[in-house]
Amino acid sequence: MTLALMLVAVAPSAWAQKIGVVDMRLVMSKLPQAESMMQNLETEFAERVAAVRKLQEELKALSEKQQKDALLMTDAQKTELSRQMESLNADFNRKGRNLQEDMQKRQQEEQQKLLQQVQLAINSLAEQEKFDVILQRGAAVYVNSAADISEKVVQAVGKGN
């Protein structure tokens, strides 16, 4: 009997928890730092992107030449052009793959920095507003809009920069 009374006495306090929800996709998409980060990365990799595009244009030009001049070319010229295209294509694929990998790595590094700022803002809001639990939006089936603190997080991170 005493155990049942204790459970009844504890149960209401368990219901009184303050729970918040954060939509991380929304937060990351609204951060001015995210747009700035992407612009910085574009600038950082602009030369390499231009070099890969140049290779692509060269390949296209050689392919057009091969199609246009095929009937006028000797077998040796066709072979040489084919080798040039294969070499250029291999260079294009290698440089393109390396560029993509490097860009993804840098983007992840910069996103990690932003996520740390977001986490600090969430922790600060949780302490200031006395939240017991803050969940990511995808973890909840239903969320009352009053529990969504995503905009507050965006504002807090924006002030921090």
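Conventions used here
- Every chain begins its residue count from 1, and numbering advances along the sequence as written.
- Predicted model: local features are reported for residues with pLDDT of at least 70 only, side-chain atom pairs are reported and counted for 80 or more only, and whole-chain, interface and lining totals are derived from all residues.
- To obtain the side-chain values, all non-hydrogen atoms of the structure were included, while hydrogens and water were left out.
- Each helix is a run of H or I in the DSSP string that is no shorter than four residues. Each strand is a run of E no shorter than two, and both are numbered from the N terminus.
- Each residue is placed in one exposure class: buried if its accessible area under a 1.4 Å probe, protein chains only, is under 20% of its type's maximum, exposed if it is over 50%, and partly exposed if it falls in between.
- We call two residues in contact whenever any of their non-hydrogen atoms come within 4.5 Å of each other.
- All accessible areas in this document rest on Shrake-Rupley with a 1.4 Å probe, and a residue is counted as covered only by the protein chains that are shown.
- Nonpolar cores are built from buried Ala, Val, Leu, Ile, Met, Phe, Trp, Tyr and Cys residues. Side-chain atoms within 4.5 Å join them into one set.
- Per residue, pLDDT measures the predictor's confidence, with a range of 0 to 100.
- By definition here, a helix of n residues has an expected span of 1.5 Å times n minus one.
- Centres within 6.5 Å are what make two rings of Phe, Tyr or Trp a pair, Trp counting through its six-membered ring; a difference in plane orientation under 30 degrees is then read as stacked, over 60 as edge-to-face, and the rest as tilted.
- Either the NZ atom of lysine or the CZ atom of arginine qualifies as a charge over a ring when it sits within 6 Å of the ring centre and within 35 degrees of the ring normal.
- Axis lines are fitted through C-alpha atoms, for helices just across the contact stretch, and the angle between N-to-C directions can take any value from 0 to 180 degrees.
- For this classification, under 35 degrees means roughly parallel, over 145 means roughly antiparallel, 65 to 115 means roughly perpendicular, and everything else is oblique.
- Left-handed describes a crossing in which the near helix is turned anticlockwise from the far one by less than a right angle; the clockwise case is right-handed.
- Residue type decides the class: Asp, Glu, Lys and Arg count as charged, Ala, Val, Leu, Ile, Met, Phe, Trp, Tyr, Cys and Pro as nonpolar, and the leftover types, Gly among them, as polar.
- Salt bridges, as used here, are contacts in which a Lys or Arg side-chain nitrogen is within 4 Å of a carboxyl oxygen on Asp or Glu.
- The arc in question is the one spanned by the directions pointing from the helix axis to the C-beta atoms.

A. Broad picture of the overall build of the protein chain. Each helix and strand counted, the protein chain has 6 helices and 2 strands in total. Burial statistics for the protein chain: of 161 residues in total, 25% are counted as buried. Restricting to contacts in the protein chain with at least 6 residues of sequence separation, those with at least 24 account for 87%. A total accessible area of about 11,900 Å² is found for the protein chain, and carbon and sulfur atoms account for 53% of it.

B. Layout of unusual backbone geometry. A positive phi angle, near 60°, is found at Lys130, a position not held by glycine. Mapped onto the fold, Lys130 is located in the loop between α5 (75-128) and β2 (133-136). Using a relative accessible area of 62% as the deciding quantity, one classes Lys130 as exposed.

C. Spatial organisation of the nonpolar core. Core analysis: the largest hydrophobic core is formed by 31 residues, its most contacted members being Val22, Val27, Leu31, Val118 and Val153. Elements with a contribution of two residues or more to this core: α2 (24-30), α3 (32-44), α4 (46-69), α5 and α6 (150-160). It is α5 that contributes the most residues to this core, 11 residues altogether. Beyond its immediate sequence surroundings of up to four residues, Val118 is in contact with Met24, Val27, Met28, Leu31, Val153 and Val157.

D. Fine view of the confidence of the model for the protein chain. Summing up the model confidence of the protein chain, the mean pLDDT is 88 and the portion of residues at 70 or higher is 89%. Within the protein chain, the lowest mean pLDDT, 49, falls on helix α1 (residues 2-15), and the highest, 95, falls on α5.

E. Geometry of α5. The end-to-end C-alpha distance of α5, which contains 54 residues, comes to 78 Å, matching closely the 80 Å that a straight helix rising 1.5 Å per residue would cover. Downstream of α5 by a residue or two, Lys130 has a phi angle that is positive, lying close to 60°.

F. Local environment of the packing of aromatic side chains. What the rule picks out here adds up to 0 aromatic pairs. The ring of Phe131 has Lys18 lying over it, and the distance from NZ or CZ to the ring centre is 4.6 Å.

G. Structural detail: the packing of α4 against α5. The contact between α4 and α5 brings their axes to 9 Å, and the two run at 155°. The angle between α4 and α5 places the two elements in the roughly antiparallel class. The chirality of how α4 crosses α5 is left-handed. Partitioning the contact of α4 with α5 into residue classes produces 11 nonpolar, 7 polar and 5 charged.

H. Spatial organisation of the pattern of salt bridges. With the rule as written, the count across this model stands at 9 salt bridges. Asp91 serves as the salt-bridge partner of Lys95, at 3.7 Å between the closest nitrogen and oxygen. Of this pair, Lys95 and Asp91 both sit in helix α5, 4 residues apart, roughly one helical turn. With its nearest N and O atoms 3.0 Å apart, the salt bridge here joins Glu110 to Arg106. Placement of the pair is Glu110 and Arg106 together in helix α5, with a separation of 4 residues, close to one helical turn. If you follow the salt bridges from partner to partner, you end up with Glu44, Arg106, Glu109, Glu110 and Lys113 in one network.

I. Structural detail: α3. With 13 residues, α3 should cover 18 Å at 1.5 Å per step; its first-to-last C-alpha distance of 18 Å lies within 8% of that length. When α3 is considered as a whole, its buried residues turn out to be Gln33, Ala34, Met37 and Leu41. Along the long axis of α3, the arc covered by the buried residues comes to 100°, so they all point the same way. Facing away from the buried side of α3 by more than 90 degrees, the exposed set consists of Pro32, Glu35, Glu42 and Thr43.

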